[in-house]
Amino acid sequence: MTFMQQLHLAALLSIPAIIAQFSSIIMQYIDASMVGRLGANASASIGLVITSTWLFWGICTTVAAGFSVQVAHLIGAGDRRGARSVLRQAIISTLLFSLILVAIGASVSSKLPYWLGGDAAIAADASKYFLIFVLSLPALQMNFLASAMLRSSGNMHIPSVLNVVMCVMDVVFNFLLIFPSRELQFLGHDIFIPGANLGVAGAAIGTASAYLITAVMLFWYLFTRDENLRLTKEKGSFRPENSTLRRAFKISMPMSLEHTVIMGAQILSTVIVAPLGVASIAANSFAITAESLCYMPGYGIAEAATTLVGQSFGANRKDLAKRFAYITVFMGMAVMTILGAVMYFTAPQIIGFMTPDPEILSLGVMALRIEAFAEPMFAASIVAYGVFVGAGDTFVPSIMNLGSMWAVRLTLAAILAPVMGLKGVWIAMCIELCFRGVIFLYRLFQGKWLIHSI
């Protein structure tokens, strides 16, 4: 393949994945704006537990990756029957795992808001939101698994389209569940809109419902339509095999541990922010959601990088894997640099869409403008990590991620927050993300990930 052919293929796979990531974060963005209309306490109740939901969310993602990377390698090697066998085993394995997470999450849901430093004014709603989220984890896990499998087979379009559909469903469900019944004026006519008036709980139920319906649609396509992974092609056992589980464990365990430790650091960051007040908690949550508009395209490109590198490894073309790695990393850095500049100048409009509160607005704008300077190096770490996952090289990058988070970000945040407030927390984050980008670029160019095998 020529360089231009490789660039075209990387872009072809990245664009649908970017659209899917954008739709996901727009869903969160609209959720936040709807809840923001209920007041600062409602926003803070979700902001308090949002990092905890990300902990469970990310573990589900890493468990799915343990199987989808194997599928990418098998498809690259031309063994589609073997890929379908791994898919069958993955369905049972990941579903059982998600049920364990449900039990853990439900058991701590009532205590979690208080552990995080929340006060009684927001604890009840925070607990309710978190409980509904964890009860939806099996649907979320199946959603992630089906999407990852389709992407590993090179099919980026169906997960992207259905994620956009999920976004639309979430907005509709939340519109009906969060607010009470009301009349809206449209073109001079009063239109009655039914509403369940469930508030924060309505936001969680709406999102969970969208996850469930999307998971059903994804699996229907995966089972009956996908050329590589269609399970109707032959009969096979769904019973997990030790060899498949061992490989999945080798890939996903470092990622899961890394994600758990990193999200533990994020949760600790929430504990650092909580004493700064309701406005800081809400602004921190809104800024994190808004910043996702900037970095989610990086994750989309990282998904394409994982597929391209994984299939190149499966075909024993490490030279091609290296070229795809460089192309996707620099593509991600270019895209997120541009989006970082846009975020800097449009920060008042972005935060203003989610909240009318002037104090929250001011703090959120400040946070986004600080973070805009970290986006190029953040992109480097995101996409390079996707490259390493495609190669099955997850242990060392996981150590790099968690070391950067705990040694740099949390240390600086703990020092700066008492002196500078929320501004200090986001300065610490900016410095850490730049540092993380540098060490990931170093590992990328060093090339040790190219000699890894699963």
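Scroll up a little and you will see the structure.
Residues numbered from 1 in each chain as written. Predicted model: local features only at pLDDT ≥ 70, side-chain atom pairs only at ≥ 80, totals over all residues. Heavy atoms only, no water.

*Asks:* Can you explain the overall build of the protein? Please cite residues and give values.
*Replies:* When helices and strands are counted, the protein shows 15 helices and two strands. For the protein, the C-alpha radius of gyration of 21 Å lies close to 22 Å, the compact-globule estimate for 454 residues. Residues classed as buried in the protein amount to 58% of the 454 residues present. Taking all contacts inside the protein whose residues are at least 6 apart in sequence as the whole, residues at least 24 apart take part in 82%. As displayed, the protein has an accessible area near 17900 Å², and 70% of this comes from carbon and sulfur atoms. A distance of 13 Å separates the average location of the 27 positive side-chain charges in the protein from that of its 21 negative side-chain charges. (Helix = DSSP H or I, 4+ residues; strand = E, 2+ residues; numbered from the N terminus. Rg over C-alpha atoms; globule rule 2.2 N^0.38 Å. Buried < 20%, exposed > 50% of the residue type's maximum accessible area, 1.4 Å probe, protein only. Contact = heavy atoms within 4.5 Å. Areas by Shrake-Rupley, 256 points an atom, 1.4 Å probe, with all protein chains shown as cover. Lys, Arg positive; Asp, Glu negative; His and termini not counted. Charge placed at Lys NZ, Arg CZ, Asp CG, Glu CD.)

*Asks:* Talk me through the packing of aromatic side chains; I want residue IDs and the actual numbers.
*Replies:* Summed over all chains, the structure comprises 13 aromatic pairs. Taking 6.0 Å as the distance between ring centres and 20° as the angle between the ring planes, the aromatic pair formed by F388 and F440 counts as stacked. Of the two residues, F388 is situated in helix α13 (residues 375-390) and F440 in helix α15 (residues 422-446); the sequence distance between them amounts to 52 residues. Of the two residues examined, F388 and F440, each falls in the buried class. Site record: aromatic cluster; members linked through ring pairs are F313, Y385, F388, F440 and W449. Here the guanidinium or amino end of R182 rests over the ring plane of F175, the centre of that ring lying 4.4 Å away. Lying over the aromatic face of F388, R443 brings its terminal NZ or CZ to 5.9 Å of the ring centre. (Phe/Tyr/Trp six-rings, centres within 6.5 Å; stacked < 30°, edge-to-face > 60°. Lys NZ or Arg CZ within 6 Å of the ring centre and 35° of its normal.)

*Asks:* Which residues make up the packing of helix α6 (residues 137-152) against helix α8 (residues 200-224), and what values do they have?
*Replies:* Between α6 and α8, the least distance of the axes is 8 Å, while the angle of their chain directions is 35°. Viewed along their axes, α6 and α8 form a crossing whose handedness is left-handed. Contact residues: α6 offers A139, L140, M142, N143, L145, A146, S147, M149 and L150, while α8 offers Y211, L212, T214, A215, L218, F219, Y221 and L222. When grouped by side-chain class, the residues that make up the contact of α6 with α8 number 14 nonpolar, three polar and no charged. (Axes fitted to C-alpha atoms, helices over the stretch in contact; angles between N-to-C directions. Left-handed = near helix turned anticlockwise from the far one by under 90°. Nonpolar A, V, L, I, M, F, W, Y, C, P; charged D, E, K, R; others polar.)

*Asks:* An account of helix α14 (residues 395-420) is requested, with residue identities and associated values reported.
*Replies:* With 26 residues, α14 ought to run about 38 Å at 1.5 Å a step, and its terminal C-alpha atoms sit 35 Å apart, in line with that. A maximum bend of about 30° is found in α14 at A414, where proline P418 lies one to four positions downstream. All of the buried residues in α14 are P397, S398, M400, N401, S404, M405, V408, R409, L410, A413, L416 and A417. (Expected span 1.5 Å × (residues − 1). Bend = angle between axes of the 7 residues up to and from the residue.)

*Asks:* Please set out the layout of surface pockets residue by residue, giving values where relevant.
*Replies:* What the largest pocket holds in volume is close to 240 Å³. Forming the boundary of the largest pocket are 13 residues, of which V63, F97, F249, S252 and M253 lie nearest the centre. Listed by contribution, the elements that provide at least two residues to the lining of the largest pocket are α2 (40-76), α3 (80-108) and α9 (242-273). Looking at which element gives the most residues to the lining of the largest pocket, the answer is α9, with six residues. (1 Å grid on protein atoms, 1.4 Å probe; cavity = no way out; pocket = protein on both sides within 12 Å on 5 of 7 lines; lining within 4 Å. Points joined across faces, edges and corners; volume = space filled by probe spheres on them.)

*Asks:* Outline the pairing of strand β1 (residues 180-186), supporting the account with residue identities and numerical values.
*Replies:* For β1 and strand β2 (residues 189-196), the ladder comprises six bridges, and the chain directions are antiparallel. Across the sheet, the residue bridging to E183 is F192, located in β2. Here β1 folds back onto β2, and the loop between the two strands holds two residues, one of which, L187, carries a positive phi near 55°. (Pairing = 2+ DSSP bridges.)

*Asks:* Just give me the short version of helix α5 (residues 120-135), but keep the residues and values in it.
*Replies:* Given a rise of 1.5 Å per residue, 16 residues ought to cover 22 Å, and the 23 Å separating the end C-alpha atoms of α5 matches this to within 8%. The complete set of buried residues in α5 reads I122, A123, A126, S127, Y129, F130, I132, F133 and V134. Of the surrounding secondary structure, the elements contacted by the buried residues of α5 are α2, α3, α4 (112-115), α6 and α8.

*Asks:* Describe in detail a nonpolar patch on the surface, supporting the description with residues and values.
*Replies:* On the surface, I15, I19, V164, V168, V172, F175, L176 and L184 cluster together into a nonpolar patch covering about 610 Å² of accessible area. At the level of elements, α1 (3-36) and α7 (157-177) are the ones that each hand at least two residues to the nonpolar patch. The element contributing the most residues to the nonpolar patch is α7, with five residues. Secondary-structure assignment places F175 in helix α7. For F175, a relative accessible area of 30% puts it in the partly exposed group. (Patch = residues over 30% accessible without salt bridge, like charges linked within 9 Å, V, L, I, M, F, W, Y side chains within 5 Å. Salt bridge = Lys/Arg side-chain N within 4 Å of Asp/Glu carboxyl O.)

*Asks:* Account for the nonpolar core, naming residues and giving values.
*Replies:* Most often, soluble globular proteins keep nonpolar side chains buried together rather than apart. In this structure, L137, M149, V387, W426 and W449 are the most contacted members of the largest nonpolar core, which totals 144 residues. Per-element tally for this core: the top contributor is helix α10 (residues 278-314), with 19 residues. (Core = buried A, V, L, I, M, F, W, Y, C linked by side-chain atoms within 4.5 Å.)

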